[in-house]
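# Fold and geometry: a report
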Amino acid sequence: MSYYAPLRYAVTADEDGWSVRAILKQKLQLSRRLIIRVKQTEDGILVNGKSVRVDYKVQAGDVLEVRMKEEESETISPQYFPLDILHEDDDLLALNKPPGKIVHPTFGHYEHTIANAVMHYWQSQGKKHRFRAVHRLDQDTSGVLLIAKTPYAHQQIALQLTQNEVEKRYIAYVHGVPSPHSGTICAPIGRDPDNPHIRKVLEGGAHAVTHYRVEEQYGRKYSKVELQIETGRTHQIRVHMQHAGCPLIADEWYAEGKPVPGSIDRQALHASSLRLIHPTTKQPLQLTAPLPEDLVQLEQYLRENSSE
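The following refers to the structure shown. (Residues numbered from 1 in each chain as written. Predicted model: local features only at pLDDT ≥ 70, side-chain atom pairs only at ≥ 80, totals over all residues. Heavy atoms only, no water.)

## Points about the overall build of the protein chain
Scanning the protein chain from terminus to terminus reveals 6 helices and 16 strands. For the C-alpha atoms alone, the extent of the protein chain along its principal axes is close to 75 × 40 × 35 Å. In the form shown here, the protein chain has an accessible surface area of approximately 15,700 Å², with 45% of it arising from carbon and sulfur atoms. Computed over 37 positive and 38 negative side-chain charges, the inter-centroid distance for the protein chain is 6 Å. (Helix = DSSP H or I, 4+ residues; strand = E, 2+ residues; numbered from the N terminus. Areas by Shrake-Rupley, 256 points an atom, 1.4 Å probe, with all protein chains shown as cover. Lys, Arg positive; Asp, Glu negative; His and termini not counted. Charge placed at Lys NZ, Arg CZ, Asp CG, Glu CD.)

Put into structure tokens, the structure is as follows:
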């Protein structure tokens, strides 16, 4: 039987006499589902190398080890295309996602997704993981994409996302110049009743908060904006910037009818960085993705043509 890399925890004096269950829930923050899974795993819980039950009472200095059986691969067909890997360890895989790629197979798009390429990458290493994207990026958005290799890593980061402890920053090139040059957009987002594929600011929509700051201004027509999102609503940045009167350049849904400067053929949005606490080391982890070539060229074009 093969296992994921084990979780290890050294029991402190304050925890002397605690049950294993209490350590799992309060210190390792395992969800109820993961605790059940560990209980059902042969030798899933060890204290000082000895298999124990969740009601076992630990002592100060004990070393608790939690193991989970590796899962079988998902039925996602492996397909090769090169991956731009920003970071990888036993728990996480972070990619610089190129524009034009869908993250996960969906109806009508079962192949040539990021998931297909990741499954090929893992298969080539003889690894068995389920594809767990911690967050989603739109097909035409580039930048940092984080994938959890283990159920524990996925659960821990999902918890951080729920508690708004993951810092997500983006770079966007937009029509116009937001006024003021920095601020917060707090506007609820819901489905457009006339088009279920599009979102819009709607009374009664889901709570959504976006912070923005103008990084560079190109005349009065365009600007480069850094954004940080507190919530993760579908198309949030695209909708909020349209709502602010500054839709993203080349956004076919939210900047319809506006001219497209240069030769860019997708919304000018890039997930530039992600900052979180590593699920097992508990240390801060900063992931940064450089601008892709099409946005570098767009920026150069805007600088050279910003006289108006």
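There's plenty left to go through after this.
## A short note on the layout of surface pockets
By volume, the largest pocket amounts to about 1,100 Å³. In this structure, the largest pocket is lined by 35 residues; those nearest its centre are L137, D138, Q139, T234 and H235. For the lining of the largest pocket, the secondary-structure elements that each account for two or more residues are β9 (167-175), β12 (195-201) and α5 (236-243). Split by residue class, the lining of the largest pocket holds 11 nonpolar, 12 polar and 12 charged. Its boundaries defined by the atoms lining it, the second largest pocket holds a volume of some 220 Å³. If you go around the second largest pocket, you meet 19 residues; those closest to its centre are Y4, A5, D90, H129 and T150. Per-class residue counts for the lining of the second largest pocket are 8 nonpolar, 3 polar and 8 charged. (1 Å grid on protein atoms, 1.4 Å probe; cavity = no way out; pocket = protein on both sides within 12 Å on 5 of 7 lines; lining within 4 Å. Points joined across faces, edges and corners; volume = space filled by probe spheres on them. Nonpolar A, V, L, I, M, F, W, Y, C, P; charged D, E, K, R; others polar.)

## Thoughts on the sheet that holds strand β1 (residues 7-10)
Taken in spatial order, the 4 strands make up an open sheet running β1-β4-β2-β3, and their pairing is antiparallel. The open sheet has two edge strands, β1 and β3 (50-51), and neither has a second partner. Bridge count for β1 against strand β4 (residues 63-66) is 4 bridges, and the pairing is antiparallel. When the sheet's bridge partners are listed, Y9 is paired in β4 with L64. Along the sheet face, helix α1 (residues 20-27) touches β1, β2 (45-47) and β4 and points at about 70° away from the line of β4. (Pairing = 2+ DSSP bridges. Contact = heavy atoms within 4.5 Å. Axes fitted to C-alpha atoms, helices over the stretch in contact; angles between N-to-C directions.)

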